[in-house]
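Coordinates in review
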Amino acid sequence: KVSTTADLYYEYNGNQPASARNVLRNFDDKDNQFAFSYYELAFEQVPTETRRLGFRTDIGFGPTATWVASSDPDGGSLKYLQQGYISVLAPVGRGLQIDAGKFNTPIGAEPTEAAYNWNYSRSLLFAWAGPYYHVGVRAALPVSETVTVTGFLLNGWNNAQDNNRGKTGAAQVSWRVSPSFTLSQTWMGGPEGRDGVAGWRTLHDTVATWTVNPKLSLMANVDIGRDTVAGRTAAWQGVAAYARVTLRPSWSIAPRFDIFEDRDALMTGTAQTIRALTLTSEHRLVTGLSLRVEYRRDWSTEDVFEYHASQFRPQQNTILAGFTYAIATP
């Protein structure tokens, strides 16, 4: 299977920041300019009972790839390889699939690619609550027709090269409660400080998705994180609620509300609670190509949003027009 995605956007920030950057955004951070975000080409061979060896390779270019790898201790040597792993389907139970290499995080409700999201901009939880990717091994086993359990052994958060001698572990349970409702619970824990620094980071992630009817879908994401820094516990947590309403075959509306509390300034650098309200109107132009028009308001308990030159306010409002493209072989 071969698939490709791409996206670009124009965004205007009512604060008119002198730096031309949208504060607390990750992939849509440029203000008042046309900006290319990401291009990806992916190849996948899913392992089966008759061909038990498979692979996946996602090659991506653009500012998104640079952002995702910006904190990696190896300097981002694998930033153009979003995913790259070998898969083996072992004859255990209903089929134990083992993947080894680099892969996207199991944390959160949103993928990296804009085309696969309901909104163009990413939620506060996607940007600040958890990691983007991992290097390591994972093993997924369906224990019934509706429940799959997955275990992970990883270098850490966003670590192609580990920054310490410890390893991070994770466990996930995915349950298809009904044909229209799915629930996923993930726990992740391990030392994330540089080598020799004591500390243990944990994250609890819950995602629920409900297809109410063919025209309405709902989704929710909850993250609760803790880390030990200099002998003290730092906490962060957040909730995101999504909806998608299909008004016509070529037109849908997707509101999202999220709130993120960075109590001890570990994730954003400021002790604050941030809220964001997003409304996205998606218009499918031709097969694979969509135009998304999006309004978003971010507001914080602190003056963190740049306003003109050398000033800061507790809120920012943005308007965005983005094109997304995605197509795949059958």
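Throughout this description, residue numbers start from 1 for each chain and increase along the sequence as written. Per-residue local features are limited, in this predicted model, to residues with pLDDT of at least 70; the limit for side-chain atom pairs, both in listing and counting, is 80 or more; totals at the level of whole chains, interfaces and linings are taken over all residues. As a rule here, side-chain values cover all heavy atoms of the structure and leave hydrogens and water aside.

A word on the nonpolar core
Keep this limit in mind: In this text, buried Ala, Val, Leu, Ile, Met, Phe, Trp, Tyr and Cys residues form a nonpolar core when linked through side-chain atoms within 4.5 Å. Note on exposure labels: buried denotes an accessible area under 20% of the residue type's maximum, exposed denotes more than 50%, and partly exposed covers the range between, all computed with a 1.4 Å probe on protein chains only. The helix count covers DSSP runs of H or I at least four residues long, the strand count covers runs of E at least two residues long, and both are numbered beginning at the N terminus.
Ranked by internal contacts, the top residues of the largest apolar core, which has 28 residues, are W236 and F260. The element contributing the most residues to this core is helix α2 (residues 124–128), with four residues.

Observations concerning the packing of aromatic side chains
Note the cut-off: Aromatic contacts are taken between Phe, Tyr and Trp rings whose centres are within 6.5 Å, Trp giving its six-membered ring; a plane angle under 30 degrees counts as stacked, one over 60 as edge-to-face, and the others as tilted. Here, a charge over a ring is recorded when the distance from Lys NZ or Arg CZ to the ring centre is within 6 Å and its angle to the ring normal is within 35 degrees.
Applying the stated criterion across every chain, the model contains 11 aromatic pairs. Following the ring pairs from residue to residue traces out a cluster consisting of F27, F126 and Y132. The positively charged end of K102 is found above the aromatic ring belonging to Y133, 4.3 Å away from the centroid. Cation over ring: R122 sits above F126, and NZ or CZ is 6.0 Å from the ring centre.

Considering the environment of P91
Locating P91 in the fold gives a position in the loop between β4 (81–90) and β5 (96–104). When its relative accessible area of 66% is taken as the criterion, P91 is described as exposed. For the pair P91 and E49, spaced 42 residues apart in the sequence, the C-alpha separation amounts to 7.9 Å.

Considering the layout of surface pockets
So the rule is basically this: Grid points spaced at 1 Å over the protein atoms alone were grouped into cavities, where a 1.4 Å probe fits but cannot get out, and pockets, open sets with protein on both sides within 12 Å along at least five of seven lines, with lining residues defined by an atom within 4 Å of a point. Grid points are joined across faces, edges and corners, and a volume is the space filled by probe spheres set on the points. For this classification, the nonpolar set comprises Ala, Val, Leu, Ile, Met, Phe, Trp, Tyr, Cys and Pro, the charged set comprises Asp, Glu, Lys and Arg, and every other residue, Gly included, is treated as polar.
In this model, the largest pocket occupies a volume close to 1,100 Å³. Taken together, 45 residues form the lining of the largest pocket, with Q83, N104, T105, P106 and R138 sitting closest to its centre. Take the lining of the largest pocket: its biggest share by element is four residues, from strand β2 (residues 33–45). Partitioning the lining of the largest pocket into residue classes produces 19 nonpolar, 15 polar and 11 charged. Within this model, the second largest pocket holds a volume of roughly 430 Å³. Lining the second largest pocket we find 17 residues, and of these S71, G130, W157, N158 and M267 sit closest to its centre. Split by residue class, the lining of the second largest pocket holds nine nonpolar, six polar and two charged.

Re the pattern of salt bridges
Put simply, the rule is: Salt bridges are identified by distance alone: a Lys or Arg side-chain nitrogen within 4 Å of an Asp or Glu carboxyl oxygen.
Enumeration according to the criterion identifies 17 salt bridges in this entry. A salt bridge links E44 to R56; its shortest N-O distance comes to 3.2 Å. Note that E44 is positioned in strand β2 and R56 in strand β3 (residues 53–61), a separation of 12 residues in sequence. According to the relative accessible area criterion, R56 is buried, its value standing at 18%. Bridged by salt links that share partners, the residues E11, R25, D28, R296 and D298 form one connected network.

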